[in-house]
2 protein chains.
Amino acid sequence: MWRSCGAGARAVVAHGLGRVPPTAPCSVSPQDLAVPNAGWSVAMREQFQHLLRRAADGSWRRIPSYRRGLDYLPEVVQMVVGPVTGPGPRHFLRNLDAEGAGFEYAIFLHSSGHRTQCLCQLGPYLEGHHGFAHGGAIATLIDTTVGTCALAVAKTSVMTAKLNISYLAPMPVGAVVVADSRMERHEGRKIFLSCRVRDTKGDTLYAEATALFIQVEDTKPPPAARP
Amino acid sequence: MWRSCGAGARAVVAHGLGRVPPTAPCSVSPQDLAVPNAGWSVAMREQFQHLLRRAADGSWRRIPSYRRGLDYLPEVVQMVVGPVTGPGPRHFLRNLDAEGAGFEYAIFLHSSGHRTQCLCQLGPYLEGHHGFAHGGAIATLIDTTVGTCALAVAKTSVMTAKLNISYLAPMPVGAVVVADSRMERHEGRKIFLSCRVRDTKGDTLYAEATALFIQVEDTKPPPAARP
């Protein structure tokens, strides 16, 4: 829903998008999870290598991804949300420890800054009907892909305002897919985007979607919202 | 995306919806997770008790919920998808072990069979922007609530065909909300539904959505889809 590169977090995301380096040194070295691990299938690895080779000429760039959006800047977490007690927050798509169980993904940003592709393997912990990915998991993949594209366009925080999804074919768990998103137009604070989710060969169109994101001022989370 | 009460699984879901008992004895006693645990906040517990009291006259019924959709009938898992090796599948909304970390929820079905309400606490592992629930998590809550309503209407498997969501206010992690869904109309195999997500007092409308579900024949998952 929200994507931020504002305040301290701006350095995190903007760095991820390859624009500017972090503005301050950081004592924590978070693990970039948008790289192969033991849970990646052969198909996932092969497509990842294909996308890396395509990116070699600078036309695309892989975006790092962390367990928590703010892992990169713990000082900012302290400043913005105060000391975190109990289980700290985790990014929805990175909340499982077991490799291969949930979302395994890597997002690539086009050099135009107006297009993203998310290579994703949907693991067995994302099941809805037995054997198939939950509709909410597919919506999550789409929201993340278009949200990252909107963030690259806006260069400030963005918020999902509308998400319209057509589910066209059931997606088996374990499937490796590519969500391909692009900006359609940018009117004031409104960013209109589209997204299609296909298998890696492009033979099956699993879903297509349109989205509207709004550029917003950075918002401090309400203290009462902390668990 | 898919909801099933077909084949052997029909007994599972239909029983959950209070229609018929399971057709065969089962050696496994799965844990119903749609009840309070240590991760439920005071607000979540209070609203749950309120909804239980409201259900006392039979106008509403709480639907059990399990870690896996097929926990209830392991014989059916064997028959439909074959032996499960490695980490077995889990339902997307029940894939975290830590109580209170992810989705904590209980769905209530109206006696008309045309309306569902999902009481849900969105934990810190569902974060998007720091302090707020991910748009995909909210989409997941909505898809589950309308999908359960569609299943009650169809009394056979259903598939999400369209999901159109308007995000109206940012939802803090830790928030306790009620997703209220109803069938709008039923035309042949098409079931049209709506959903609104509010805080428990009804003061904040976080999101509203429309959905189209299609009644489908039960589908055996492709063997290649198993991880």
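Asker: Quick question: what am I supposed to make of the overall build of chain A here?
Answerer: Each helix and strand in chain A was counted, giving four helices and eight strands. Helices (α) and strands (β) of chain A occur, in sequence order from the N terminus, as β-α-α-β-α-β-β-α-β-β-β-β. Looking at chain A as a whole, 62% of its 227 residues are labelled buried. Approximately 9000 Å² of chain A is accessible, and the part contributed by carbon and sulfur atoms is 52%.

Asker: Looking at this structure, I do not really get the nonpolar core. What am I missing?
Answerer: If you look at soluble globular proteins, the nonpolar side chains tend to sit buried side by side. Within the largest apolar cluster, 86 residues are counted, with the highest numbers of intra-cluster contacts made by A:Ile142, A:Val197, B:Ile142 and B:Val197. In contact with B:Val197, not counting residues within four places along its chain, are B:Leu141, B:Ile142, B:Met171, B:Val177, B:Val178, B:Ala179, B:Thr204, B:Leu205, B:Tyr206 and B:Ala207.

Asker: When you look at the packing of aromatic side chains in this model, what are you seeing that I'm missing?
Answerer: Given two aromatic rings, one states the distance between the centres and the angle between the planes to describe the pair. The tally for this structure, following the rule as stated, stands at seven aromatic pairs over all chains. Measuring from centroid to centroid gives 5.1 Å for B:Trp40 and B:Phe48, while their planes differ by 90°, and the two rings are edge-to-face. Of the two residues examined, B:Trp40 and B:Phe48, each falls in the buried class. Counting every residue linked through ring pairs, the aromatic cluster contains A:Phe92, A:Phe103, B:Phe92 and B:Phe103. Here B:Arg54 stacks its cationic end above the ring of B:Trp60, 4.0 Å away from the centre of that ring. In this arrangement the basic side chain of B:Arg185 is found over the ring face of B:Phe192, its NZ or CZ atom lying 3.8 Å from the centre.

Asker: What exactly am I supposed to notice about the pattern of salt bridges here?
Answerer: It is possible for side chains bearing opposite charge to pair when their charged atoms get close. As enumerated under the stated definition, the model contains eleven salt bridges over all chains in all. In this structure, B:Asp97 and B:Arg90 form a salt bridge, with 2.8 Å as the shortest nitrogen-oxygen distance. In this structure, B:Arg185 and B:Glu187 form a salt bridge, with 2.8 Å as the shortest nitrogen-oxygen distance. Salt bridges here are not isolated pairs; linked through shared partners, they connect A:Arg67, A:Arg90 and A:Asp97.

Asker: What should I look at first to understand the pairing of strand β4 (residues 115-122) of chain B in this one?
Answerer: Walk down a regular strand and you will see the side chains alternate between the two sheet faces. All names here are of chain B. Most of β4 is tucked away, with seven of its eight residues classed as buried. Relative to β4, strand β3 (residues 103-110) is paired through seven bridges, and the arrangement is antiparallel. Paired with Phe 103 across the two strands is Leu 122, which belongs to β4. The turn linking β3 back onto β4 is made up of four residues, and Gly 113 within it adopts a positive phi angle of 75°. Bridge analysis of β4 against strand β6 (residues 176-187) gives seven bridges, and the strand direction is antiparallel. What sits directly across from Cys 120, in β6, is Val 177.

Calculation notes
Position numbers for residues start from 1 in each chain and track the written sequence from start to end. Working convention: letters from A go to chains and numbers from 1 go to ligands, in the order in which they are written. Only residues with pLDDT of at least 70 are given local features in this predicted model, and only at 80 or more are side-chain atom pairs given and counted; all residues enter the totals for whole chains, interfaces and linings. Only hydrogens and water are set aside when side-chain values are computed; all heavy atoms of the structure are taken into account. The numbering of helices and of strands both runs from the N terminus, where a helix is a DSSP run of H or I of at least 4 residues and a strand a run of E of at least 2. Three labels apply to residues, based on accessible area from a 1.4 Å probe with only protein chains included: buried if under 20% of the type maximum, exposed if over 50%, partly exposed otherwise in between. Note on areas: Shrake-Rupley, 1.4 Å probe, and residue coverage restricted to the protein chains presented here. Buried Ala, Val, Leu, Ile, Met, Phe, Trp, Tyr and Cys residues form a nonpolar core when they are joined through side-chain atoms within 4.5 Å. Here, two residues are considered to be in contact whenever any of their heavy atoms come within 4.5 Å of each other. Ring pairs shown here join Phe, Tyr and Trp side chains whose ring centres sit within 6.5 Å, with only the six-membered ring taken for Trp; geometry is labelled stacked below 30 degrees between planes, edge-to-face above 60, and tilted in between. We call a charge positioned above a ring when the Lys NZ or Arg CZ atom is no farther than 6 Å from the ring centre and deviates by at most 35 degrees from the ring normal. Any carboxyl oxygen of Asp or Glu that lies within 4 Å of a side-chain nitrogen of Lys or Arg is treated as forming a salt bridge with it. One requirement defines pairing of two strands: DSSP has to find at least two bridges between them.

These results come straight from atomic positions and should not be treated as a statement about function.
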